[in-house]
Amino acid sequence: LCLLRHPVDRAFSGYWHTIASGLETLPFEEAIAQEHARKLAHAGTPLGEIAPFAYVERGLYHQQLRRWFAVFDRSRMKIVLFEDFLAEPQRTLADVASFLDVDPGALPPRQLAMENMSAAQGARMPPALYRALAERFSDDVIALEKLIDRDLRHWRAVPDARTAAS
């Protein structure tokens, strides 16, 4: 089961979670610029979080999923988009339950409360940085579309008015 979030939004949210954990001290743009060097510097160091500074790398879903698909039959993997889950949580959970061969009716209806770290901090990403990150993810998103046979053009489109990732 794999839940995928818009990679720019995931990177920004991951950054704020790492801030909250006390591991991150750099401004977001600087943290992105130093991601590779920090990964090398902290390789093998237990920080209590898997790849805490890999904000961009963790959003390169095509690169990650193609390795899984090389080992596991695609029919054994369920890919869910985070925005589908947010838009229709009960339907998405029922679909996941069905995939797992669990009675969807056994899932109790519930309210889903999600903590949004970047929104809680009042964080805003500068539009130019958002566009730059979206461009950086663009080739991976295009390849991911083909890999999972899903239209992700909404991940490639960067609205001019977008000033925050959450």
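Predicted model only: the values in this text are computed from it and were never measured.

A. Quick peek at helix α8 (residues 127-148). In α8, a bend of some 45 degrees at S138 exceeds every other bend along the element. Of all the positions in α8, only L129, Y130, L133, A134, F137, S138, D140, V141, L144, E145, L147 and I148 are classed as buried. Among the structural elements, β1 (2-4), α1 (7-20), α2 (28-33), α4 (61-71), β2 (79-81) and α9 (153-156) are those in contact with the buried residues of α8.

B. Seen up close, the packing of α1 against α8. Contact geometry for α1 and α8: axes closest at 9 Å, N-to-C directions at 125 degrees. On the basis of the axis angle, α1 is oblique to α8. Along the contact surface, α1 presents P7, V8 and D9, while α8 presents Y130, L133, A134, F137 and V141. Across the contact of α1 with α8, the residue classes tally to seven nonpolar, no polar and one charged.

C. Quick look at the nonpolar core. Ranked by internal contacts, the top residues of the largest apolar core, which has 33 residues, are L4, F28, L65, M125, L133, L144 and W155. The leading source of residues in this core is α8, at nine residues.

D. Highlighting the packing of aromatic side chains. For the structure on display, the rule yields nine aromatic pairs. With a centroid separation of 6.5 Å and an interplanar angle of 10 degrees, the aromatic rings of F12 and Y15 are classed as stacked. Of this pair, F12 and Y15 both sit in helix α1, separated by three residues, roughly a single helical turn. Each member of the pair F12 and Y15 is classed as buried. Pairing F12 with F28 gives two aromatic rings, centres 4.9 Å apart and planes at 70 degrees, and the pair type is edge-to-face. Within this pair, whereas F12 is found in helix α1, its partner F28 is found in helix α2, the two being separated by 16 residues in sequence.

E. Region of the structure containing a nonpolar patch on the surface. Residues L1, L100 and V102 make up a contiguous nonpolar surface patch of about 290 Å² in total accessible area. Structurally, V102 is set in the loop between α6 (89-99) and α7 (117-120).

F. Molecular detail of the pattern of salt bridges. Considering all chains together, one arrives at seven salt bridges under this definition. Its salt-bridge partner being E88, residue R91 comes within 3.0 Å of it at the nearest N-O pair. Judged by relative accessible area, which is 58%, R91 ranks as exposed. The class for E88 is partly exposed, based on a relative accessible area of 39%. The residue R156 makes a salt bridge to E145 at a minimum N-O spacing of 3.0 Å. You can see R156 sitting in helix α9 and its partner E145 sitting in helix α8, a full eleven residues away along the chain.

G. Summary view of the packing of α4 against α8. Interhelical geometry of α4 versus α8 gives an angle of 30 degrees and a closest axis separation of 8 Å. Counting all contacts with α4, which are made through Y61, H62, Q63, L65, R66 and F69, the residues of α8 involved are D140, A143, L144, L147 and I148. Tallied by class, the residues present in the contact of α4 with α8 amount to seven nonpolar, two polar and two charged.

Rules of the game
Residues numbered from 1 in each chain as written. Predicted model: local features only at pLDDT ≥ 70, side-chain atom pairs only at ≥ 80, totals over all residues. Heavy atoms only, no water. Bend = angle between axes of the 7 residues up to and from the residue. Helix = DSSP H or I, 4+ residues; strand = E, 2+ residues; numbered from the N terminus. Buried < 20%, exposed > 50% of the residue type's maximum accessible area, 1.4 Å probe, protein only. Contact = heavy atoms within 4.5 Å. Axes fitted to C-alpha atoms, helices over the stretch in contact; angles between N-to-C directions. Parallel < 35°, antiparallel > 145°, perpendicular 65-115°, else oblique. Nonpolar A, V, L, I, M, F, W, Y, C, P; charged D, E, K, R; others polar. Core = buried A, V, L, I, M, F, W, Y, C linked by side-chain atoms within 4.5 Å. Phe/Tyr/Trp six-rings, centres within 6.5 Å; stacked < 30°, edge-to-face > 60°. Patch = residues over 30% accessible without salt bridge, like charges linked within 9 Å, V, L, I, M, F, W, Y side chains within 5 Å. Areas by Shrake-Rupley, 256 points an atom, 1.4 Å probe, with all protein chains shown as cover. Salt bridge = Lys/Arg side-chain N within 4 Å of Asp/Glu carboxyl O.

Any link to function would need more than the numbers given here.
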